[in-house]
Amino acid sequence: MTTTPQAVRRASPRTRRAATPPDPARPLLPNTEPVRLLDPTGTPLPARTDYPEPPVEVLRELYRRMVLGRRFDTQATALTKQGRLAVYPSSRGQEACQVGAVLAVRDTDWVFPTYRESMALVARGIDPVEVLTLLRGDWHCGYDPTEVHTAPQCTPLATQCVHAAGLAHGEAYQGRDTVALAFIGDGATSEGDFHEGINFAAVFKAPVVFFVQNNRYAISVPLSRQTAAPSLAYKGVGYGVPSEQVDGNDPVAVLAVLTRAVAHARAGNGPFLVEAHTYRMEAHTNADDASRYRDGAEVDAWRDRDPVARLETYLRARGVLDDAAVAEVTEQAEAYAADLRTRMNEQPTVDPMSLFDHVYAEPTPQLIEQREQVRAELAAARDEEGDA
Ligand SMILES: Cc1ncc(C[n+]2csc(CCOP(=O)(O)OP(=O)(O)O)c2C)c(N)n1
Ligand SMILES: [Mg+2]
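Because the structure is a prediction, the values reported are computed rather than measured.

Asks: So what about the overall build of the protein? Which residues, and what values?
Replies: On a plain count of helices and strands, the protein comes out with 16 helices and 7 strands. Contacts in the protein between residues at least 24 apart in sequence constitute 76% of all its contacts with a sequence separation of at least 6. Here the protein displays about 19,300 Å² of accessible surface, and carbon together with sulfur accounts for 53% of that area.

Asks: Account for the site of ligand 1, with residues named and values stated.
Replies: Taken together, 15 residues are adjacent to ligand 1, and Y115, R116, G187, A188 and Y217 come closest. Between N215 and ligand 1, the recorded distance is 3.0 Å, taken from a side-chain N or O atom to an oxygen atom. The separation between an oxygen atom of ligand 1 and a polar side-chain atom of H284 is 3.5 Å. In isolation ligand 1 has 590 Å² of accessible area, and contact with the protein removes 71% of it. Across the shell around ligand 1, the residue classes break down as 7 nonpolar, 5 polar and 3 charged.

Asks: Tell me about the packing of aromatic side chains, residues and numbers included.
Replies: As enumerated under the stated definition, the model contains 8 aromatic pairs in all. A ring pair is formed by F72 and Y88, whose centres lie 6.3 Å apart and whose planes are at 80 degrees; its orientation type is edge-to-face. Of this pair, F72 sits in helix α3 (residues 56–81) while Y88 is found in the loop between α3 and α4 (95–103), placing the two residues 16 residues apart along the sequence. With respect to burial, F72 and Y88 carry one shared label: buried. Note on Y217 and Y293: the rings are 5.6 Å apart at their centroids and 50 degrees apart in plane angle, and the pair reads as tilted. Taken together, the positions of Y217 in strand β4 (residues 217–218) and Y293 in the loop between β7 (272–277) and α13 (296–303) put the pair 76 residues apart, joining distant regions of the chain. Judged on exposure class, the residue Y217 and its partner Y293 are both buried. An aromatic cluster is defined as three or more aromatic residues linked by ring pairs; in this entry it consists of Y217, Y279, Y293 and W302. The ring of Y217 is capped by R294, whose NZ or CZ atom sits 5.8 Å from the centre of that ring. Here the basic side chain of R305 rests over the ring of W302, its NZ or CZ set 4.1 Å away from the ring centre.

Asks: Account for the nonpolar core, with residues named and values stated.
Replies: As a rule of thumb, nonpolar side chains are buried together in soluble globular proteins. Counting residues in each nonpolar core, the largest one holds 66 residues, and the members touching the most others are Y63, L132, L181, F211 and L258. Considering every element that reaches this core, the biggest residue donor is helix α12 (residues 251–269), with 10 residues. Beyond its immediate sequence surroundings of up to four residues, Y63 is in contact with V308, L311, E312, L315, L321, V326 and V329. If you look at the next biggest cluster of nonpolar residues, it comprises 25 residues, including W110, F194, L223 and A233.

Asks: Residue-level account of helix α9 (residues 192–203), with values.
Replies: Between its first and last C-alpha atoms α9 spans 16 Å; for 12 residues at 1.5 Å apiece the expected length is 16 Å, and the two agree. Where α9 is concerned, the buried positions are F194, G197, I198, A201 and A202. Along α9, the residues classed as buried sweep out an arc of 125 degrees about the axis, all on the same side. Set apart from the buried face of α9 by more than 90 degrees, the exposed residues are E196 and V203. For α9, the secondary structure elements touched by its buried residues are α8 (159–173), β2 (180–185), β3 (208–214), α11 (234–237) and β7. K205 lies just past α9 and shows a positive phi near 50 degrees.

Asks: Describe the pairing of strand β6 (residues 243–247), with residues and values.
Replies: The element β6 is largely enclosed, with a buried count of 5 among its 5 residues. Burial along β6 is two-sided: the residues S243, Q245 and D247 and E244 and V246 are all buried. In terms of handedness, the path from β6 via α12 over to β7 forms a crossover that is right-handed.

Cut-off values and rules
- Every residue gets a number counted from 1 within its own chain, in the order that chain's sequence is written.
- Each chain is given a letter, starting from A, and each ligand a number, starting from 1, according to the order in which they appear as written.
- With the structure being a predicted model, the display of local features is reserved for residues of pLDDT at least 70 and the display and counting of side-chain atom pairs for 80 or more, all residues being used for whole-chain, interface and lining totals.
- To obtain the side-chain values, all non-hydrogen atoms of the structure were included, while hydrogens and water were left out.
- Helical segments are the DSSP runs of H or I of at least four residues, strand segments are the runs of E of at least two, and each set is numbered from the N terminus.
- The contact criterion used throughout is that any non-hydrogen atoms of two residues lie within 4.5 Å.
- Note that accessible areas follow from Shrake-Rupley with a 1.4 Å probe, and for residues the cover is restricted to the protein chains shown.
- Throughout this document, a residue counts as near a molecule or strand when at least one of its heavy atoms sits within 4 Å of that molecule or strand.
- For the purposes of these results, a polar contact is taken to be a pair of N or O atoms within 3.5 Å, where, inside protein, one atom must be able to donate a hydrogen and its partner to accept one; residues adjacent in sequence count only when each atom of the pair is a side-chain atom.
- Gly is put with the polar residues, along with every residue not named as nonpolar or charged; the nonpolar set is Ala, Val, Leu, Ile, Met, Phe, Trp, Tyr, Cys and Pro, and the charged set is Asp, Glu, Lys and Arg.
- For this analysis, a ring pair means two rings from Phe, Tyr or Trp (six-membered ring only for Trp) whose centres lie within 6.5 Å, classed as stacked if their planes differ by under 30 degrees, edge-to-face if by over 60, and tilted for the remaining angles.
- Here's how the labels work: a residue is buried when its accessible area is under 20% of the maximum for its type, exposed when over 50%, partly exposed in between, all with a 1.4 Å probe on protein chains only.
- Any Lys NZ or Arg CZ found within 6 Å of a ring centre and within 35 degrees of that ring's normal is scored as a charge over the ring.
- Side-chain atoms within 4.5 Å link the members of a nonpolar core, which is a set of buried Ala, Val, Leu, Ile, Met, Phe, Trp, Tyr and Cys residues.
- Multiplying 1.5 Å by the residue count of a helix minus one yields the expected span of that helix.
- To be clear, the arc concerns the directions from the helix axis to the C-beta atoms.
- Crossover handedness is defined by viewing with both strands directed away from the observer: a clockwise path from the first strand over the helix to the second marks the crossover as right-handed.

Quick look at the structure:
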């Protein structure tokens, strides 16, 4: 067999290179470094065309809600010590993520929070007493989810990802442009529900933003024992979901990246995953002792990247925040905390039987059995009191 000139051309390395299709994964990949618009001291970095800086009025509001959020968080921690709250998972240090994310969505969008997101919920404008109802142990959820477009806080890890995917798909199916924002922690990205939720959202192009707050620990388990992935943002790419990573202690960058992610989802392009690199400054909850698994030098290093101070320095340098404005926000935060204290000191009357209401539209046999057990126990306790 003789070799034709055409066959030689087909086989030449040059021709083969030209025929290589573009890598379809490339547009999905996150930046190799987390997106950052302010350095840790609050000094602006060169502007970027991919993530334009949000308007200054929005940044001032971001600052105000972060200050209020931090004050709320300190107050909630104090309430656990006074026996007014059963448990509180602090998000101190994660203010840029908590507030930046909710500022990126509309009131008509849906938020799917975990137990860590109390600050995000108050930043969304939900009454703080209603937010703390779950953690006080009074009820499953203190606010009306359908009224505030916010699901109850989820303690079973990652289950909210499946709920978010389902809601977003349903909304899109009915022709609405609602976006679902699903918060999730670094540890919870190892759960099956995260993978099922993101896969469903990707296949059905459901408008969900999966927002991973990588605060470097899942209780005592450090990130190095959680994953070998170079970044949690790579977990999106395998499902065909565009992904990004951001400095989670840079409030301006968090808002800029989330704004783009939300716009992507709203425009009908399907889900988006954002990993924010941050740190939880307090223990996992008030019931945890973080000094048993992390050292003080690590915590101190993150103290220097404080997101509230970072934004304040930047806004002052831009001349849009001064001593008077800071004092006014501080005063608002104190009044907010005082009102929360007063109202949390009132003990509401809760009917334990109501715990079984609204769990399912049709109660399961197990739920009915449990309800009868509690009814019997309460009756027995009343009888004992009567005898005493
Ligand atoms: C399905 C499930 N497994 C285990 C737990 C116990 N648990 C509660 S919080 C937590 C750590 C989660 O860490 P991460 O996802 O990083 O969130 P973070 O608490 O750091 O915000 C674990 C294992 C749970 N709540 N649900
Ligand atoms: Mg974590």
